[in-house]
Amino acid sequence: MNRVVLNLEPVFHLTDELFYQLCMANRELNLEQSAEGALIITPPVGGESGNREAGLITDLEIWNRQTKLGKVFSYSTIFRLPNGAKRSPDAAWVKLERWEALTTAEREKFPPLTPDFVIELRSKSDSLKPLQDKMQEYLENGLRLGWLINPQSQQVEIYRIGQSVEIVNLPALLSREAVLPGFELQM
């Protein structure tokens, strides 16, 4: 199954609340929404990609438990970006002060913020360009650091605010990032 994009805006506008209700009524689907209002349905990943995602989240969570600097989120968390998009990175981290500034209601639904750090892992069913566009969208909405891991090309694209995209060939040790002090990820 490929990613499906439904342009609803000419017919129907999904408010934040309606999008939330749609997601809750269709929990088996991976849904996102573009800033323009298009509904994006992404296919589930296979075992290899799912295992890689689990490893990334585990490494990030272990580091975070040691540092207590923020909160870690899985692919099933949808963030409401300032531009109106609702996006779900494969792994995300939010600085603790930013998370705690949200109300209880904002934390329980789709948090209205852009994570400080995201990881997107390209699966075999993903086209590269939409993932690169998604990473740029995160940056335009306040992302401080993002890693787009592309096993097919054996590369990681590193996105930093105010800088050009850096491409690192695998295997690599991703570390020395001010956003994630002390975090290391062996790829």
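Up top you'll find the structure we're talking about.
First, a word on what this report is: a plain description of the structure on this page. Every value quoted in this text rests on a predicted model; they were computed, and no experiment measured them.

Considering the packing of aromatic side chains
As enumerated under the stated definition, the model contains eight aromatic pairs in all. Within the aromatic cluster, the residues linked to one another by ring pairs are Trp-63, Trp-93, Phe-117, Trp-147 and Phe-183. Sitting above the plane of the Tyr-20 ring, Lys-109 keeps its charged end 4.8 Å from the centroid.

Observations regarding the pairing of strand E9 (residues 145–150)
For E9, the buried fraction is high: six of the six residues fall into the buried class. Of the two faces of E9, the one holding Leu-145, Trp-147 and Ile-149 and the one holding Gly-146, Leu-148 and Asn-150 are both buried throughout. One ladder, built from five bridges, connects strand E8 (residues 117–121) with E9; its direction is parallel. If you follow Val-118 over to E9, its bridge partner there is Gly-146. Note on the crossover from E8 through helix H5 (residues 128–140) to E9: the handedness is right-handed. Relative to strand E10 (residues 155–160), E9 runs antiparallel, the two sharing six bridges. When the sheet's bridge partners are listed, Leu-148 is paired in E10 with Glu-157.

With respect to the nonpolar core
Ranked by internal contacts, the top residues of the largest apolar core, which has 23 residues, are Trp-93, Phe-117, Trp-147 and Leu-180. The set of elements that each furnish at least two residues to this core consists of helix H2 (47–67), strand E7 (91–95), E8, E9 and E10. By residue number, the principal contributor to this core is H2, which donates four residues. With residues near it in sequence (within four places) discarded, Trp-147 still touches Phe-117, Val-118, Ile-119, Glu-120, Met-135, Val-156, Glu-157, Ile-158, Leu-174, Glu-177, Phe-183 and Leu-185. Within the second largest apolar cluster, 17 residues are counted, among which are Phe-73, Leu-81, Leu-131 and Met-135.

Focus on helix H1 (residues 16–25)
If you check which residues of H1 are buried, you get Phe-19, Tyr-20 and Cys-23. The arc that holds every buried residue of H1, seen down its axis, measures 100°, which confines them to one face. On the buried face of H1, the contacting elements are strand E2 (30–33), strand E3 (39–42), strand E6 (86–87) and helix H4 (104–108).

Section: unusual backbone geometry
In the segment running from Leu-170 into Pro-171, the intervening peptide bond is cis, with an omega of 0°. Position of Pro-171 among the secondary structure elements: in the loop between strand E11 (166–169) and strand E12 (173–174). For Lys-68, which is not glycine, the phi dihedral falls at a positive 55°. With respect to the helices and strands, Lys-68 occurs in the loop between H2 and strand E4 (70–74). Its relative accessible area of 62% is what places Lys-68 among the exposed residues.

As for the pattern of salt bridges
Opposite charge on two side chains permits them to pair, given that their charged atoms come into close proximity. Under the criterion given, the structure shown has 13 salt bridges. In this structure, Glu-17 and Lys-109 form a salt bridge, with 2.6 Å as the shortest nitrogen-oxygen distance. Here the residue Glu-17 occupies a position in helix H1, and Lys-109 occupies one in the loop between H4 and E8, the gap between them amounting to 92 residues. Classification of Glu-17 as partly exposed rests on a relative accessible area of 34%. The exposure class assigned to Lys-109 is partly exposed, which follows from its relative accessible area of 36%. Lys-134 serves as the salt-bridge partner of Glu-32, at 2.7 Å between the closest nitrogen and oxygen. Of this pair, Glu-32 sits in strand E2 while Lys-134 is found in helix H5, placing the two residues 102 residues apart along the sequence. Given the relative accessible area of 8%, Lys-134 is considered buried.

Definitions and cut-offs
Residues numbered from 1 in each chain as written. Predicted model: local features only at pLDDT ≥ 70, side-chain atom pairs only at ≥ 80, totals over all residues. Heavy atoms only, no water. Phe/Tyr/Trp six-rings, centres within 6.5 Å; stacked < 30°, edge-to-face > 60°. Lys NZ or Arg CZ within 6 Å of the ring centre and 35° of its normal. Buried < 20%, exposed > 50% of the residue type's maximum accessible area, 1.4 Å probe, protein only. Helix = DSSP H or I, 4+ residues; strand = E, 2+ residues; numbered from the N terminus. Pairing = 2+ DSSP bridges. Right-handed = clockwise from strand over helix to strand, strands pointing away. Core = buried A, V, L, I, M, F, W, Y, C linked by side-chain atoms within 4.5 Å. Contact = heavy atoms within 4.5 Å. Arc of directions from axis to C-beta. Salt bridge = Lys/Arg side-chain N within 4 Å of Asp/Glu carboxyl O.

In short, the description is geometric, and any link to function would need to be established separately.
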